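Now for the letters of each chain:
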Amino acid sequence: MEDGAAIWRIARDSKVLDLNSSYSYLLWCRDFAATSAVARGENGEPIAFVTGYLRPTAPRRSSYGRWPLTRPTGARDWPPLCWTR
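The rules behind each value
- Numbering of residues begins from 1 in every chain and follows the order in which that chain's sequence is written.
- With the structure being a predicted model, the display of local features is reserved for residues of pLDDT at least 70 and the display and counting of side-chain atom pairs for 80 or more, all residues being used for whole-chain, interface and lining totals.
- Note that water and hydrogens are dropped before the side-chain values are worked out from all heavy atoms of the structure.
- A run of H or I in DSSP becomes a helix once it reaches four residues, and a run of E becomes a strand once it reaches two; helices and strands are each numbered from the N terminus.
- For every residue, the accessible area obtained with a 1.4 Å probe (protein chains only) is divided by the maximum for its type, and the residue is called buried under 20%, exposed over 50%, and partly exposed between those limits.
- The criterion used for residue contact is that any of the two residues' heavy atoms lie within 4.5 Å.
- Here the Shrake-Rupley method, with its probe set to 1.4 Å, supplies the accessible areas, and only the displayed protein chains count as covering residues.
- By the criterion applied in these results, polar contacts are pairs of N or O atoms within 3.5 Å in which, for protein atoms, one can donate a hydrogen and the other can accept it, and in which residues neighboring in sequence qualify only through two side-chain atoms.
- Just to be clear on terms, a salt bridge is a Lys or Arg side-chain nitrogen sitting within 4 Å of an Asp or Glu carboxyl oxygen.
- The aromatic pairing rule takes the rings of Phe, Tyr and Trp, using the six-membered ring of Trp, and pairs them if the centres are within 6.5 Å, calling planes under 30 degrees apart stacked, those over 60 edge-to-face and the rest tilted.
- Confidence per residue, as judged by the predictor, is encoded in pLDDT with a range of 0 to 100.
- The definition of a nonpolar core used throughout is a set of buried Ala, Val, Leu, Ile, Met, Phe, Trp, Tyr and Cys residues joined through side-chain atoms within 4.5 Å.

Q: Explain the overall build of the protein chain to me, please; I cannot follow it from the model alone.
A: Within the protein chain one finds two helices and five strands. Element order for the protein chain, N to C, with α for helix and β for strand: α-α-β-β-β-β-β. Buried residues in the protein chain amount to 36% of all 85 residues. Sequence-distant contacts, at least 24 apart, represent 46% of the contacts inside the protein chain between residues at least 6 apart. Put simply, the protein chain shows about 5,900 Å² of open surface, and 52% of that area lies on carbon and sulfur atoms.

Q: Just to check I follow, could you spell out the environment of arginine 40 for this structure?
A: You can see arginine 40 is positioned in strand E1 (residues 37-40). Looking at arginine 40, its side chain comes within polar contact range of the side chain of aspartate 3, at 2.5 Å. A distance of 3.2 Å separates a polar side-chain atom of arginine 40 from the backbone oxygen of glycine 44.

Q: Would you take a moment to explain the pattern of salt bridges for this structure?
A: Pairing between side chains of opposite charge can happen when the charged atoms of each approach one another. Inspection of the entire model under this criterion finds three salt bridges. When the shortest N-O distance is used, the salt bridge between aspartate 13 and arginine 12 registers 2.9 Å. The class of arginine 12 is partly exposed, set by a relative accessible area of 34%.

Q: What exactly am I supposed to notice about the packing of aromatic side chains here?
A: For any pair of aromatic rings, the description consists of the separation of the ring centres together with the inter-plane angle of the planes. The tally for this structure, following the rule as stated, stands at two aromatic pairs. With a centroid separation of 6.3 Å and 85° between ring planes, the pair formed by tyrosine 25 and phenylalanine 49 is classed as edge-to-face. With tyrosine 25 in helix H2 (residues 22-31) and phenylalanine 49 in strand E2 (residues 46-50), this pair connects stretches of sequence that are 24 residues apart. Side by side, tyrosine 25 and phenylalanine 49 carry an identical accessibility label, which is buried.

Q: What is the right way to look at the confidence of the model for the protein chain in this model?
A: For any part of a model where pLDDT is low, the fine detail of the predicted coordinates should not be relied upon. On average, residues of the protein chain carry a pLDDT of 77, and 68% of them reach 70 or more. Helix H1 (residues 4-14) holds the highest mean pLDDT among the elements of the protein chain, 91, whereas strand E5 (residues 82-84) holds the lowest, 49.

Q: What am I meant to see in the nonpolar core here?
A: For soluble globular proteins, nonpolar side chains are generally found buried alongside one another. Ranked by size, the top nonpolar core spans eight residues in total: Ile7, Ile10, Ala11, Leu17, Tyr25, Cys29, Val38 and Phe49. Put simply, the parts of the chain that give this core at least two residues each are H1 and H2. With three residues, H1 is the single largest residue contributor to this core.

Given below as structure tokens:
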């Protein structure tokens, strides 16, 4: 959940992603951490994210859904140095 506020700001600042409530990003980080990833810049700060979804009741039979990804405004260290879950 620690990256929820940061990824909400990234989505807000992108001006191209659908912006959900800030609370929804906290829940996403908690409930879908295993299928999502956060890209970190040189200082370890979140600079991008990708969210994914597997149907919890049938994860082996489901397709993996991935939501759009955007390049952060002004990110000089793109592509990201590392992606973490």
